[in-house]
Amino acid sequence: METTDTSSVYYMSPIERCDVFVKVAECYLEEDLTVEAEGAVTKAGTIIENSGITFVKNDDDDENNNNDDDDGNNKKKNKTDEQTMTLLLRYKSTYARILDANRKFLPAATKYHDLSTAYLYTDAIEEDDLLVMLGKAITCAILSPNSAQRQRVLGLVYKDERLQQLDSIPQFQSHSSVLTKMYLNRIVQKQELEQFESSLADHQKAIMADGLTIVERGVLEHNMVAVSHLYTSIYFSQLGDLLGVIDGEKAEKVAAKMITDGSLTGSIDEMEGLLYFHPSATDESNLLRWDETITTFCGQLNKVTDAVRAS
């Protein structure tokens, strides 16, 4: 008669099975086997999705229950919730690290930011650790390719009230200033780029086929868009000096690629070495609204000045 192996994951509860796969993923990560780790954490994610496991906020009302049996059930329920909370935090942390290691920076940024808000659900994570997660979310968001979703993630972190606290952590001292400039479409200076790059991990400093690092390319594309808000046209030689990271020839190649993929609206005059920026209809309407606002403000200011003089 065959014996049944009750220790198999197929005989475990969903939480126990998920815990096994998360542990496997953690072990693979320790050995830098990110592909295998991603396979294990994906299985854990499938269990979580199919089982409907989710964060449960703490409920202090259970402490006011006077029934002994209910107290016992509530304690058991809270214990289960605590175990589930810890498992979800480990899963999210492991998944974020895997995405980061595999250079899938945008989804990694989302996961890290999600983890940084875990204080809404539990006090199991120290405040300093939550700030580290917030800093990692900024790192991955800055390293992500330029897109609308990236801008949304930058906005989420920019509006986080804890952003300025990162200045007290040596590893993230430059993050708040770089993030602010990126979100507000301001040019990131070379010294800021160098300070930010010094805080990156080895896998985040990889050199791409064009000879630029990941962060150099990301900052370059951002600065290119920022320059388009300031100039209608610019020589590539001046553009390279303004960007401060590459020469004019590389600036032309990057501009051509951005125009081709639609992330930059413009045209190139190769004979003159000029880059022309073509503002979109949205940009033009924003400029018109800005002009109207300034005109209205100046008109109101003149009326106030005249009233003061008349009195």
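Before reading further, recall that the structure is shown in the block above.
Since the model is a prediction, treat every value here as computed from it, not as a measurement.

1. Let's talk about the nonpolar core
Ranked by internal contacts, the top residues of the largest apolar core, which has 39 residues, are Tyr-112, Ile-138, Leu-143, Leu-166, Met-182, Phe-196 and Val-215. Looking at this core, the elements with two or more residues in it are helix H3 (68–101), helix H4 (105–116), helix H5 (127–143), helix H6 (148–158), helix H7 (175–183), helix H8 (190–197) and helix H9 (214–228). With ten residues, the top contributor of residues to this core is H5. Membership of the second largest hydrophobic core comes to 18 residues, among which are Phe-236, Leu-239, Val-254 and Leu-275.

2. Let's talk about the environment of Asn-146
Within the fold, Asn-146 resides in the loop between H5 and H6. By relative accessible area, Asn-146 is classed as partly exposed at 31%. Along the sequence, Asn-146 and Ser-263 sit 117 residues apart, while their C-alpha atoms lie 7.4 Å from each other. If near-sequence neighbours (up to four positions away) are discounted, Asn-146 is found in contact with Glu-221, Val-225 and Ser-263.

3. Brief notes about the pairing of strand E2 (residues 266–269)
Bridge analysis of E2 against strand E3 (residues 274–277) gives four bridges, and the strand direction is antiparallel. Paired with Ile-268 across the strands is Leu-275, a residue of E3.

4. Describing a nonpolar patch on the surface
On the surface, Val-24, Tyr-28 and Leu-33 cluster together into a nonpolar patch covering about 210 Å² of accessible area. Mapping Leu-33 onto the fold places it in the loop between helix H1 (14–30) and helix H2 (34–51).

5. Thoughts on the packing of aromatic side chains
Applying the stated criterion across every chain, the model contains two aromatic pairs. Ring geometry for Tyr-91 and Tyr-95: centres 5.8 Å apart, planes at 35°, overall tilted. Here Tyr-91 and its partner Tyr-95 are both found in helix H3, four residues apart, which amounts to about one turn of the helix. Classification of Tyr-91 by relative accessible area gives buried; the value is 11%.

6. Some thoughts on the sheet that holds E2
Pairing within the open sheet is antiparallel, and its three strands lie in the order E1-E3-E2. Only two strands of the sheet have a single neighbouring strand rather than two, namely strand E1 (233–235) and E2. This sheet shows a mean twist of 20° between the axes of neighbouring strands, independent of strand direction. The sheet contact formed by E1 and E3 spans three bridges and is antiparallel. Residue Ser-233 lies in a different strand from E3, and its bridge partner there is Tyr-276. Here helix H10 (residues 236–243) sits on the sheet in contact with E1, E2 and E3, set at roughly 90° to E1.

Reading the values: rules and limits
Residues numbered from 1 in each chain as written. Predicted model: local features only at pLDDT ≥ 70, side-chain atom pairs only at ≥ 80, totals over all residues. Heavy atoms only, no water. Core = buried A, V, L, I, M, F, W, Y, C linked by side-chain atoms within 4.5 Å. Buried < 20%, exposed > 50% of the residue type's maximum accessible area, 1.4 Å probe, protein only. Helix = DSSP H or I, 4+ residues; strand = E, 2+ residues; numbered from the N terminus. Contact = heavy atoms within 4.5 Å. Pairing = 2+ DSSP bridges. Patch = residues over 30% accessible without salt bridge, like charges linked within 9 Å, V, L, I, M, F, W, Y side chains within 5 Å. Areas by Shrake-Rupley, 256 points an atom, 1.4 Å probe, with all protein chains shown as cover. Salt bridge = Lys/Arg side-chain N within 4 Å of Asp/Glu carboxyl O. Phe/Tyr/Trp six-rings, centres within 6.5 Å; stacked < 30°, edge-to-face > 60°. Axes fitted to C-alpha atoms, helices over the stretch in contact; angles between N-to-C directions.

Nothing here speaks to function; it is geometry throughout.
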